[in-house]
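# Tertiary structure, described
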Amino acid sequence: MFDKILIANRGEIAVRVIKTCRKMGIKTVVVYSDADAGSLAVEMADETVHIGASAAAESYLVQDKIVDAVKKTGAQAVHPGFGFLSENASFARRLKAEGIAFIGPNPEAIDAMGDKITSKKFAAEAGVSTVPGHMGLIETPEEAVKIAQQIGYPVMIKASAGGGGKGIRVAEGDADMAEGFAAVKAEAKAAFGDDRVFLEKFIVNPRHIEIQVLGDKHGNVIHLFERECSIQRRNQKVIEEAPSPLLDEATRAAMGAQAVALAKAVNYDSAGTVEFVAGQDKSFYFLEMNTRLQVEHPVTELITGVDLVEQMIRSAWGEHLNLKQEDLSINGWAIESRIYAEDPYRGFLPSIGRLVRYEQPEEGEQDGYVVRNDSGVREGDEISMFYDPMIAKLCAWGETRAAAIKGMARALEDTHLAGLGHNVPFLAAVMDQERFQSGVLTTNYIKDEFPEGFNGVEPSDLQVKQMIASAVAMNEVIAEQDGDPSERAEWTVLVDKAAYEVEVGYDEAEDLTVIIDDEETTLSEIDWRPGQSLFRAVLDEEAYTIEVKSAADGFDIRSRATKARVRIVRPEVAALYALLPEKQAADTSKLTLSPMPGLVVDIPVVEGQEVKTGETVAIIEAMKMQNILKAERDGKVKSVKAKAGDPVAADDVLVEFE
C-alpha cells in the first residue's frame, strides 16, 4: 500500500481524504495557495507545500506545481478530490509518465466520459438510454437556434467540459437560445478553458438520479445504488439523499445495470458516478458520467457502510475489489444538506467573509438518528471569493426517510454560523415542507416552491410556543444573574407585532411552566446562559434548539426558517408598541445594484440610453459564474457608476435611471 499520498485539492474534500488516509496508516501531503495558508486541511496534513497565489489558475490548476510537490515530498500517489484537476486526462497521463499513481480512473476513461459529447456516444453504443439532443459541436448562436428548433423547446445548453452546475442554461425560445448560447460559451471558457457547447432536450418536471459505481484494474465493476439530487438551484445540487424515494427495485436494478455496463465499456477502474435524468413515470435517460468522487458521496457511504475514498486508494494501488454486488444492500436512509456561504434572503448570492462563529452539531448517534458533518473550515476562517463557497456537507442518517428528515432538521437547528450569510434557514424550510416529506420532487422544486425567492416562512404554532417559552426562560435567567429576579408572573410577550398573554411559574420538579393564552406548556432541560447563541431545551417532551441574540428590547430568535423579534413587556408597554409606525425600506427602484461581491464583466449601456424591460444592463462575475442583470422596467440611464474590470461589493450602485 502507498506510504504517502499528496492531495491536490483544498477545503472539505482535502480534510475528507486525510481522515481516510489516517485510518489506513498513510501519510498525507496537502498543497495550498495563499488563501489557504491557515486552513484546516493544512493543519491536519503531515506535510504541506505552498503552490502559489490564491487564484486557482495560479495554484491548484497548475500541473507543474503539483508534480513538483509530489517529487519534493516523495509522495507516491495523488488524490485529486473533486473539481480542479480531478477530471483532467492530461494530468492523469502526466502523472503516469512521471511514475506517480493517480487515485482516479485511467486517462482513457476520463477522455471517454469526461467529455459530455463523447460520453453520450459511448452511452448509446453501450445500450444506455440517452436524451434526444445534438452531440456535435455548435459554432454560432444562429446555428444553435436552428438546431434547437429541430429538437423542440425547451432545450438545455451545456458546456461539454462543464461541471458543478456551471456552464448550463435552459432556453425556452429563440431569444433565450441566442443569449444563453453566448453566455454558456463565455462561462465555459472562463471556468474550464474549453468553450465547446452542446444541446439536449430538457425533460419537463425531471428528477436527477445518479448511480455510484466502483471499479478496479482487473475488470470488476459494481454499483452502490442510487442518490437523488433533485433539489437544485441554478443547476447546483443543494440537498441529496440515498436511496431515491422515486425508484422501485426493478427500476433501481435497471439503472444500476446500465451504469455498470457503461463503466465496463470504458474499462472504468475507480469511483465514479453515472448520472440520469428521470421522469415521474420512472423513465430514465443518461445525462453524463462524473469520473471522480462526487460531493454527495457521504450519503452512499452512510447507507452502504463503504468508504469510497478507501476503495479509490485500494483500486489505484492495484487491489481487486473486495466487494461483490450481491454482498451490498441498502441500510436505512441518508440526507445531505450543503451549507453554503450565501444569503438566501438576497437571492442566494455569495456571501464571502470571515466565519466569526461556527457551532457544529455533535456527530455520531443521536436520539433516533446519526449525524455526520464533513467540513473544511473552522470558526475564524475566511470564506474566499476565489473558490466554491461551501462551508460543510451536513448529513443525517435514519432507519427511514422520515427519521432521516427529522434528524436533518434537528442537526440544522444545532448549527450556528455568524459573520456572513448562510443557507441554513432555507435548508430547514425544505425539511419542514410537506411536499419534500412526501418525496414528490423535481429539479424545479426550488423554483416551484419559492417563486419569489426565499424570505423565510411564517412560524408554526409550535415554533411560536418555543419562541415565547425560550424568551421567558432567558428573561428569568438574566434576572437571576443580575440579582434582580422579578416577582412578576404575568407578562405580554410580543412576537414581532403579535401579542400573547403569558403567565410564568415553576412546577414541583422546578421546570418552568408557561401558560400562553390559557394553554399550559412545560419547559425543561434548559441549556443556555447569557452570551450563548443557541438555546436548547425540551418543550412538552419535544427537544429543540433555536438561535438567539439579545436585542435592546428583547431577543432576536430564529427557529429553523422563521425569525422574529420577541419582547417580554408589561401590558401597558405592549399597547405602546402597537402604535409604533412601520419602518419604510429605502427606495432603490431606480438603481441597478450589484447583487454580490465580484468583478464587472461589462456594462453594455451608456448615459442617456433608453432601456427596455428585460435588456441587459450589467454582467457581474463571481465564483466563476457570470450573472446577467436586466432592467426591471423601461427607463432612461441617468448615470453609469462602474466599468468593466472594476471590483464591486454587494449593493454597490452600477447603473442609475432617471
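For the structure, check the block above.
Residues numbered from 1 in each chain as written. Predicted model: local features only at pLDDT ≥ 70, side-chain atom pairs only at ≥ 80, totals over all residues. Heavy atoms only, no water.

## What about the overall build of the protein chain?
Each helix and strand in the protein chain was counted, giving 17 helices and 40 strands. In terms of overall dimensions, the protein chain is globule-like: its C-alpha atoms have a radius of gyration of 27 Å, near the 26 Å expected for 658 residues. Its C-alpha atoms put the protein chain at 80 × 65 × 50 Å along the principal axes. Out of the 658 residues belonging to the protein chain, those deemed buried represent 56%. Summarising the internal contacts of the protein chain: among those between residues at least 6 apart in sequence, 64% fall at separations of at least 24. One way to put it: in the protein chain the 70 positive side-chain charges average out to a point 7 Å from where the 109 negative ones average out. (Helix = DSSP H or I, 4+ residues; strand = E, 2+ residues; numbered from the N terminus. Rg over C-alpha atoms; globule rule 2.2 N^0.38 Å. Buried < 20%, exposed > 50% of the residue type's maximum accessible area, 1.4 Å probe, protein only. Contact = heavy atoms within 4.5 Å. Lys, Arg positive; Asp, Glu negative; His and termini not counted. Charge placed at Lys NZ, Arg CZ, Asp CG, Glu CD.)

## Notes on the nonpolar core
Residues Ile-5, Leu-6, Val-31, Ile-66, Val-78 and Ile-313 are the most contacted members of the largest nonpolar core, which totals 62 residues. Residues in contact with Ile-5, not counting those within four places in the same chain, are Cys-21, Ile-26, Lys-27, Thr-28, Val-29, Ala-75, Ala-77, His-79, Ile-103 and Ile-313. In terms of nonpolar packing, the next biggest core, distinct from the first, is built from 40 residues, Ala-341, Leu-412, Ala-428 and Leu-441 among them. (Core = buried A, V, L, I, M, F, W, Y, C linked by side-chain atoms within 4.5 Å.)

## A closer look at the packing of aromatic side chains
This structure, assessed with the given rule, holds 13 aromatic pairs. Between Phe-2 and Trp-317 the ring centres are 4.9 Å apart and the planes differ by 75°, which places this aromatic pair in the edge-to-face class. One end of the pair, Phe-2, is in the segment before β1 (4-7); the other, Trp-317, is in helix α11 (residues 308-317), with 315 residues separating them in the sequence. An aromatic cluster of at least three residues, connected via ring pairs, comprises Tyr-345, Phe-348, Phe-426, Phe-450 and Phe-454. If you follow Lys-563 out to its NZ or CZ, it ends over the ring of Tyr-345, 3.9 Å from the centre. (Phe/Tyr/Trp six-rings, centres within 6.5 Å; stacked < 30°, edge-to-face > 60°. Lys NZ or Arg CZ within 6 Å of the ring centre and 35° of its normal.)

## Some words on the pattern of salt bridges
Side-chain pairs of opposite charge can arise whenever the charged atoms involved come near each other. Summed over the entire model, instances satisfying the criterion amount to 54 salt bridges. For Asp-646, the salt bridge goes to Lys-643, with nearest N and O atoms at 3.2 Å. Ionic contacts of the salt-bridge type, sharing partners, join the residues Arg-16, Lys-23, Glu-301, Asp-307, Glu-310, Arg-314, Glu-319, Arg-372 and Asp-374 into one network. (Salt bridge = Lys/Arg side-chain N within 4 Å of Asp/Glu carboxyl O.)

## Overview of the sheet that holds strand β14 (residues 284-290)
Through backbone hydrogen bonds, the strands of a sheet pair up, either in parallel or in antiparallel fashion. The strand order β14-β13-β10-β11-β12-β15-β23-β21-β20 describes an open sheet built from 9 strands, whose pairing is antiparallel. The outermost strands of the open sheet, each flanked by one partner alone, are β14 and β20 (364-365). Note that strand β21 (residues 370-375) and strand β23 (residues 390-398) share 6 bridges and pair antiparallel. Among the inter-strand pairings, Ser-375 is bridged to a residue of β23, identified as Ala-392. (Pairing = 2+ DSSP bridges.)

## A few points about the packing of helix α7 (residues 141-151) against helix α8 (residues 174-192)
When two helices pack together, their arrangement is given by the angle between the helix axes and by the axis-to-axis distance. Between α7 and α8, whose axes approach to 9 Å, the crossing angle comes to 135°. Considering their axes alone, α7 and α8 lie oblique with respect to each other. For the pair α7 and α8, the sense of crossing is right-handed. Taking contact as the criterion, the partners of Pro-141, Ala-144, Val-145, Ala-148 and Gln-149 in α7 are, on α8, Asp-174, Met-177, Ala-178 and Phe-181. (Axes fitted to C-alpha atoms, helices over the stretch in contact; angles between N-to-C directions. Parallel < 35°, antiparallel > 145°, perpendicular 65-115°, else oblique. Left-handed = near helix turned anticlockwise from the far one by under 90°.)

## Regarding the layout of surface pockets
Space inside the second largest pocket adds up to approximately 520 Å³. Among the residues forming the lining of the second largest pocket, the class breakdown is 8 nonpolar, 5 polar and 6 charged. (1 Å grid on protein atoms, 1.4 Å probe; cavity = no way out; pocket = protein on both sides within 12 Å on 5 of 7 lines; lining within 4 Å. Points joined across faces, edges and corners; volume = space filled by probe spheres on them. Nonpolar A, V, L, I, M, F, W, Y, C, P; charged D, E, K, R; others polar.)

## Comments concerning unusual backbone geometry
The peptide bond linking Tyr-153 to Pro-154 adopts the cis configuration, its omega dihedral lying at 0°. As for its position among the elements, Pro-154 is in the loop between α7 and β7 (155-163). Going from Ala-242 to Pro-243, the amide bond is cis rather than trans, its omega being -5°. Structurally, Pro-243 is set in the loop between β12 (236-242) and α9 (249-265). Backbone geometry places Phe-225, a non-glycine residue, at a positive phi of 70°. Mapped onto the fold, Phe-225 is located in strand β11 (residues 221-233). Residue class for Phe-225 comes out buried when judged on its relative accessible area of 10%.

## A short note on the pairing of strand β10 (residues 207-215)
Within β10, 9 of the 9 residues are buried, leaving the element largely enclosed by the surrounding structure. By the bridge criterion, 8 bridges tie β10 to strand β13 (residues 271-278) in an arrangement that is antiparallel. Residue pairing in the sheet places Val-213 in a bridge with Gly-272 of β13. Where β10 lies against β11, 6 bridges are found, and the strand directions are antiparallel. Bridging across to β11, Val-213 finds its partner in His-223.

## Focus on helix α1 (residues 11-24)
Since there are 3.6 residues in each turn of an α-helix, residues three or four apart along the chain are aligned in direction. With 14 residues, α1 extends 21 Å between its outermost C-alpha atoms, agreeing within 8% with the 20 Å of an ideal straight helix rising 1.5 Å per residue. For α1, a buried count of 11 out of 14 residues is recorded, marking the element as mostly surrounded by other parts of the structure. All of the buried residues in α1 are Gly-11, Glu-12, Ile-13, Ala-14, Val-15, Arg-16, Val-17, Ile-18, Thr-20, Cys-21 and Met-24. Gly-25 occupies a position one or two residues after α1 and carries a positive phi of about 75°. (Expected span 1.5 Å × (residues − 1).)

## What about the environment of Phe-84?
Along the chain, Phe-84 turns up in the loop between β4 (77-79) and α4 (89-97). Assessed through its relative accessible area of 22%, Phe-84 is described here as partly exposed. For the pair Phe-84 and Leu-412, spaced 328 residues apart in sequence, the C-alpha to C-alpha distance is 29 Å. Filtering out sequence-adjacent residues up to four positions away, Phe-84 remains in contact with Ala-8, Asn-9, Arg-10, Ala-56, Tyr-60, Leu-61 and Tyr-387.

## Some remarks on the packing of helix α3 (residues 63-73) against α4
Relative to each other, α3 and α4 sit at 30°, their axes nearing to 11 Å. What the angle tells us is that α3 and α4 run roughly parallel. For the element pair α3 and α4, the recorded crossing hand is right-handed. Contacts between α3 and α4 pair Gln-63, Asp-64, Ile-66 and Val-67 from the former with Ser-90, Phe-91, Arg-94 and Leu-95 from the latter.

## Section: the pairing of strand β31 (residues 554-559)
The buried fraction of β31 amounts to 5 of the 6 residues, a majority that puts the element mostly inside the structure. In this structure, strand β30 (residues 542-551) lies alongside β31, joined through 5 bridges in antiparallel fashion. Residue pairing for β31: Glu-547 is matched across the bridge by Arg-558. Hairpin connection of β31 to strand β32 (residues 562-569): 2 residues between the antiparallel strands, including Arg-560 at a positive phi of 55°.

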